[in-house]
Amino acid sequence: MNSALFTHPACLEHDTGLGHPENADRLKVVLAALDTEEFYLLDRREAPRAEIDQLARVHKRDYIAHIFESIPVHGHAGLDADTVISPGSGEAALRAAGAACAAVDAVMGGEARNAFCAVRPPGHHAESNQAMGFCLFNNVAIGAAHARAAHGLQRVAIFDFDVHHGNGTQEFCEHEAGLLYASTHQSPLYPGTGDARERGDHNNIVNAPLWAMAGSPEFRHALTKTVLPAIDAFAPEMIFISAGFDGHSRDPLAALHLTESDYAWATRKLGEIARKHCASRIVSTLEGGYNYVALANSCKAHLKELMAL
Ligand SMILES: [Zn+2]
């Protein structure tokens, strides 16, 4: 069994306007980086559209309708100060969320050992009733909800190593004993959530904030001491990764000093837990990462490890 790569050309048609850091070139460099001989074994698949019922496991139906009603016929519209949409955004958002659900189906169906969703818009800031931080629908949460609802999984863990805290994913998980959300993120930083004292109703939220300028030693310490033991103790039946690469030292939006080898190491360590508890079932989905070179190299490092699990 190989690793699967889910993407769709529609994800390139979500146009956020001139100079926006979350732009189609990000996905282009990721896809180009993975279009090389060393990744020829990837099982490349087209992401289907998510069904509205799949989105509605995470988002309020009024909110979903509001998103589609807000899509402009021409030009751009703003959902908040930095969340911009264009005529292609609805289709892109459906494919991004659909990728996560299809990845779950492929992994649960034994067609792929694990999967990476190279999609945009990203998702982890999107709350049940609020678009924010470049995110419309919470792709990773929609995937996790699908794993529970369609495949009957009782314990699903999400690890988010994006440099920003995934406030939307935490909101989705915090009242559900069958969900674990663990995050490393720079703090203080947008969106301002993610304090270590936010633990969820069932001690199922694990926040490991890092100071600005923290690098490899601090990141690895947070994983070894806090994040990985919590996920291991939870004994997940599937592990999701919110794979944002904006903690890289070259990233312009934040001030951590991670390198691609840190993302490879984190993927490998998570893979050890996945092997122990859930036959290596991992679904990873792209979140942030705004320096093209760092993003491409980090994605390659992440995928190489997923393929080696
Ligand atoms: Zn981010």
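For the structure, see preceding data.
Residues numbered from 1 in each chain as written. Predicted model: local features only at pLDDT ≥ 70, side-chain atom pairs only at ≥ 80, totals over all residues. Heavy atoms only, no water.

Structural notes on the sheet that holds strand S8 (residues 205–210)
One open sheet holds the 8 strands; their spatial order is S2-S1-S5-S10-S9-S6-S7-S8, and the pairing between them is parallel. Edge positions in the sheet fall to strand S2 (43–46) and S8, since each of these pairs with one other strand and no more. The sheet shows a mean angle of 15° between the axes of neighbouring strands, taken without regard to direction. Two elements, strand S7 (residues 179–186) and S8, share 6 bridges in a ladder whose sense is parallel. Bridge pairing links His 185 to Pro 209 in S8. Against the sheet, helix H8 (residues 260–278) contacts strand S6 (156–160), strand S9 (238–243) and strand S10 (282–286), and its axis sits at roughly 160° relative to S9. (Pairing = 2+ DSSP bridges. Helix = DSSP H or I, 4+ residues; strand = E, 2+ residues; numbered from the N terminus. Axes fitted to C-alpha atoms, helices over the stretch in contact; angles between N-to-C directions. Contact = heavy atoms within 4.5 Å.)

Observations concerning the nonpolar core
In this structure, Phe 6, Phe 116, Ile 231 and Phe 240 are the most contacted members of the largest nonpolar core, which totals 94 residues. Sort the elements by how many residues they give to this core and helix H4 (residues 89–108) lands first, with 11 residues. (Core = buried A, V, L, I, M, F, W, Y, C linked by side-chain atoms within 4.5 Å. Buried < 20%, exposed > 50% of the residue type's maximum accessible area, 1.4 Å probe, protein only.)

Some words on the side chain of Thr 7
Examined against the element boundaries, Thr 7 turns out to sit in strand S1 (residues 3–7). With residues near it in sequence (within four places) discarded, Thr 7 still touches Leu 27, Leu 31, Arg 45, Glu 46, Ala 47, Ala 118 and Val 119.

Distances and angles like these do not, on their own, reveal function.
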